[in-house]
Amino acid sequence: MAKVLYITAHPLDHTQSFSLAAGSSFIEAYKQSNPNDEVVHIDLYKEHIPALDADIFSGWGKLQTGKGFEELSDQEKEKVSRLGELSEQFVSADKYVFVTPMWNFSFPPVMKAYLDSVAVAGKTFKYTATGPVGLLTDKKALHIQARGGIYSEGPSADLEMGHRYIKNLLVGFFGVPSLEGIFIEGHNQYPDRAQEIKEKGIQEAKDLAQRF
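Residues numbered from 1 in each chain as written. Predicted model: local features only at pLDDT ≥ 70, side-chain atom pairs only at ≥ 80, totals over all residues. Heavy atoms only, no water.

An unreviewed UniProt entry annotates the chain as FMN dependent NADH:quinone oxidoreductase originating from Peribacillus simplex. On record in UniProt, under Subunit (unreviewed entry), the comment for the chain is "Homodimer." Checking UniProt for the chain, the heading Sequence similarities (unreviewed entry) contains the comment "Belongs to the azoreductase type 1 family." (UniProt positions renumbered as here; feature names shortened; annotations may be inferred.)

**Focus: the UniProt feature "binding site: FMN" (unreviewed entry) in the chain**
With numbering matched to this structure, UniProt assigns "binding site: FMN" (unreviewed entry) to S17, F18, S19, M102, W103, N104 and F105. Mapped onto the elements, S17 comes out in the loop between β1 (3-8) and α1 (18-33). S17 sits in the buried class, given a relative accessible area of 3%. The residue F18 is located in helix α1 in this model. Not counting the four nearest positions on each side in its chain, F18 is found in contact with A146, I184, H187, A194 and K198. (Helix = DSSP H or I, 4+ residues; strand = E, 2+ residues; numbered from the N terminus. Buried < 20%, exposed > 50% of the residue type's maximum accessible area, 1.4 Å probe, protein only. Contact = heavy atoms within 4.5 Å.)

**Topic: the pairing of strand β4 (residues 125-128)**
Where β4 meets strand β5 (residues 131-134), four bridges bridge the pair, whose relative direction is antiparallel. Of the residues in β5, the one forming a bridge with F125 is G134. With antiparallel pairing between neighbouring strands as the criterion, β4 and β5 make up a hairpin whose turn holds two residues. (Pairing = 2+ DSSP bridges.)

**Re the packing of aromatic side chains**
Going through the model one piece at a time under the given rule, you end up with 13 aromatic pairs. Aromatic side chains F105 and Y151 sit 6.3 Å apart centroid to centroid with 70 degrees between the ring planes, which places their arrangement in the edge-to-face category. Note that F105 is positioned in the loop between β3 (95-101) and α4 (109-118) and Y151 in the loop between β6 (140-147) and α5 (162-173), a separation of 46 residues in sequence. Taking the relative accessible area as the measure of exposure, F105 reaches 33% and is therefore partly exposed. Given the relative accessible area of 16%, Y151 is considered buried. Every member of this aromatic cluster is reached through a ring pair, and the members are F90, Y96, F98, Y114, F125, Y127, F173 and F174. The ring of Y190 is capped by R193, whose NZ or CZ atom sits 5.5 Å from the centre of that ring. (Phe/Tyr/Trp six-rings, centres within 6.5 Å; stacked < 30°, edge-to-face > 60°. Lys NZ or Arg CZ within 6 Å of the ring centre and 35° of its normal.)

**So, the packing of helix α2 (residues 54-64) against helix α3 (residues 74-92)**
Following both chains from N to C, one finds α2 and α3 inclined at 85 degrees, their axes separated by 9 Å at the closest point. The angle between α2 and α3 falls in the class roughly perpendicular. Residues D55, I56, S58, G59, W60, K62 and L63 of α2 pack against Q75, E76, K79, V80 and L83 of α3. Considering only residue class, the contact of α2 with α3 consists of five nonpolar, three polar and four charged. (Axes fitted to C-alpha atoms, helices over the stretch in contact; angles between N-to-C directions. Parallel < 35°, antiparallel > 145°, perpendicular 65-115°, else oblique. Nonpolar A, V, L, I, M, F, W, Y, C, P; charged D, E, K, R; others polar.)

**Topic: the sheet that holds β1**
As summarised here, the arrangement of the five strands in space is β2-β1-β3-β6-β7, forming an open sheet in which the pairing is parallel. Of all the strands in the sheet, just β2 (38-43) and β7 (179-185) have a single pairing partner and so form its edges. Direction aside, the axes of adjacent strands within the sheet are offset by 15 degrees on average. Across the face of the sheet, α4 comes into contact with β1, β2 and β3 while running at roughly 155 degrees to β3.

**Concerning the nonpolar core**
Within the largest apolar cluster, 31 residues are counted, with the highest numbers of intra-cluster contacts made by F90, F98 and Y114. Among the elements of the structure, β1, β2, α3, β3, α4 and α5 are those that each provide at least two residues to this core. Of all the elements, α4 adds the most residues to this core, at five residues. Contact partners of F90, with chain neighbours within four places excluded, come to L5, I7, Y96, F98, Y114, V118, T124, L136 and F174. Counting residues in hydrophobic clusters, the runner-up holds 23 residues, among them L20, A22, A146 and I197. (Core = buried A, V, L, I, M, F, W, Y, C linked by side-chain atoms within 4.5 Å.)

Put into structure tokens, the structure is as follows:
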């Protein structure tokens with residue numbers, strides 16, 4: 001039995017979001033094909049994701065100098081504990097499904113905050129004499145992203161930084177063997193084809209779910 005983290009970063013729901021429409025279709029099809037797997041939905045707009053702030057760095061600093069957890073302030077305890085929960089949950093999973101829209105060439109800031117929370121030395125990567133080495137070498141990942149324009153090819157391809165960032169972090173830094181992508185793009189650029197584009201993305205998600 002595998003554990004899947006379904007990580008969504010959109011303030012709307014699947015009836016209003018093209019990325020969530022494809023994501024929910026993927027998960028539904030995945031559950032049908034893998035009824036014994038555990039799927040955990042992490043809605044980043046409903047979860048508490050602490051930003052890396054002064055309390056976090058202060059708390060980490062105290063722990064690194066040998067102070068006990070009980071010596072941290074209440075704010076430091078709460079934030080450091082929550083980051084620990086998020087990173088432990090992340091490394092315990094076997095598969096990751098990220099669902100985001102493209103916002104300003106990237107993804108919503110809550111996704112960056114989440115990825116910061118799981119980029120932890122000793123858990124998702126480690127430092128060595130020759131540089132950092134990823135520790136998640138037995139995982140699988142998928143990124144479903146909706147883009148109003150065309151960014152998979154053409155003159156705007158170099159502007160896309162959301163999928164590129166997730167790939168660099170998961171594959172290049174965490175050691176995940178590969179990251180697949182489903183890109184639902186062009187619905188704002190070609191509004192007369194929006195429904196067709198949406199349906200194509202949903203079908204691609206259903207097809208991929210059979211082998212993910």
